[in-house]
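This is what each chain is made of:
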Amino acid sequence: MAANGHATTPGAGWAAPKYEVQVKSERFKFNAAHFVAFPGYRERLHGHNYTCSVRVFGPLSEHDGYVLDFGDVKKATRRVCEQLNERFLCPCLADALAITRNKKNVEIVCEDASFFSMPEADCAMLPLKHSTAEELAALVWRRVIDELGVEKLVKRGITALEVSVAEAPSQ
């Protein structure tokens, strides 16, 4: 007991402690072009210098003292960013775009009859309805989990993984 009579450590009924590890890096970024289209609305084609960060929550391992190895999280996040870097972010599930692959090009026709054609190699064909920062964060979250491996995360007792995506540094 502390001098003030309060317990200095958790007592019975307390949950096991959970810890948070946040990984940020100048290398967690991708530069990409996109536009958001909804029925009746389309943004102009433009680009962003996206940045990402990842937070992992879970217990400390008695074996190595980690929640999860920083190096593994960094590698996984960099690989995901590399897949999106210097690409047009094409939301393949969009309801306001007609997207077709024509030989080596991706062709997009918008509701307002705007037409885009670009090399498929310059596109990231994404299972998204919109290429918003929010939907991109969900995509990055899924891909980081896939890169790390669900089995590994479960084995380590990871309780949550949080991803942030910003359209500009310090946003």
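Everything below is about the structure printed above this text.
Summary of the structure given here. Treat the numbers as computed from the prediction; the structure is a model and nothing was measured.

Moving on, we come to the sheet that holds strand S6 (residues 97-102). Read from one edge to the other, the open sheet built from three strands follows the order S6-S7-S8, with strand pairing classed as antiparallel. The sheet terminates laterally at S6 and strand S8 (115-119), the two strands that pair on one side only. Within this sheet the neighbouring strands show an average axis-to-axis angle of 20°, counted without direction. Where S6 and strand S7 (residues 105-110) come together, six bridges link them in antiparallel fashion. Within S7, the position partnered with Leu 97 by the bridge is Cys 110.

A separate point is unusual backbone geometry. In this model, Glu 86 sits at a positive phi of 55°, which is unusual for a non-glycine residue. Its location among the elements puts Glu 86 in the loop between helix H1 (70-84) and strand S5 (87-91). Look at Ala 113: it is not a glycine, yet its phi comes out positive at around 75°. Tracing the chain through its elements places Ala 113 in the loop between S7 and S8. A residue is classified by how much of its surface remains accessible, and Ala 113, at 61% relative accessible area, is exposed.

Attention shifts here to the environment of Glu 86. By relative accessible area, Glu 86 is classed as exposed at 60%. Counting along the chain gives 56 residues from Glu 86 to Phe 30, while the straight-line C-alpha distance between them is 6.9 Å. Not counting residues within four places of it along the chain, the set of residues in contact with Glu 86 comprises Asn 31 and Asp 122.

Considering all chains together, one arrives at four aromatic pairs under this definition. When the ring of Phe 30 is compared with that of Tyr 50, the centres are 4.7 Å apart and the planes differ by 15°; the resulting orientation is stacked. Separated by 20 residues along the polypeptide, Phe 30 in strand S1 (residues 19-34) and Tyr 50 in strand S4 (residues 46-58) bring together distant segments of the chain. For Phe 30, a relative accessible area of 0% corresponds to the buried category. Taken together, a centroid distance of 5.0 Å and an interplanar angle of 25° make the contact between Phe 35 and Phe 116 stacked.

Along the chain, the position of Glu 107 falls in strand S7. Here Glu 107 occupies a buried position and makes no salt bridge, while the nearest side chain of opposite charge, Lys 103, is found at 9.3 Å. The residues contacting Glu 107, other than those within four sequence positions of it, are Ala 98, Ile 99, Thr 100, Asn 102, Phe 115, Phe 116 and Ser 117.

So, about the sheet that holds S4. Strand order in the open sheet made by the five strands is S9-S5-S1-S4-S10, with mixed pairing throughout. Only two strands of the sheet have a single neighbouring strand rather than two, namely strand S9 (123-126) and strand S10 (160-166). Between one strand and the next, the sheet's axes are offset by a mean angle of 35°, whatever the strand orientation. With seven bridges joining them, S4 and S10 adopt antiparallel strand pairing. Of the residues in S10, the one forming a bridge with Val 54 is Val 163. Sheet contacts for H1: S1, S4, S5 and S9; angle to S1, the most-contacted strand, approximately 15°.

Cut-offs used in this document
Residues numbered from 1 in each chain as written. Predicted model: local features only at pLDDT ≥ 70, side-chain atom pairs only at ≥ 80, totals over all residues. Heavy atoms only, no water. Pairing = 2+ DSSP bridges. Helix = DSSP H or I, 4+ residues; strand = E, 2+ residues; numbered from the N terminus. Axes fitted to C-alpha atoms, helices over the stretch in contact; angles between N-to-C directions. Buried < 20%, exposed > 50% of the residue type's maximum accessible area, 1.4 Å probe, protein only. Contact = heavy atoms within 4.5 Å. Phe/Tyr/Trp six-rings, centres within 6.5 Å; stacked < 30°, edge-to-face > 60°. Lys, Arg positive; Asp, Glu negative; His and termini not counted. Salt bridge = Lys/Arg side-chain N within 4 Å of Asp/Glu carboxyl O.

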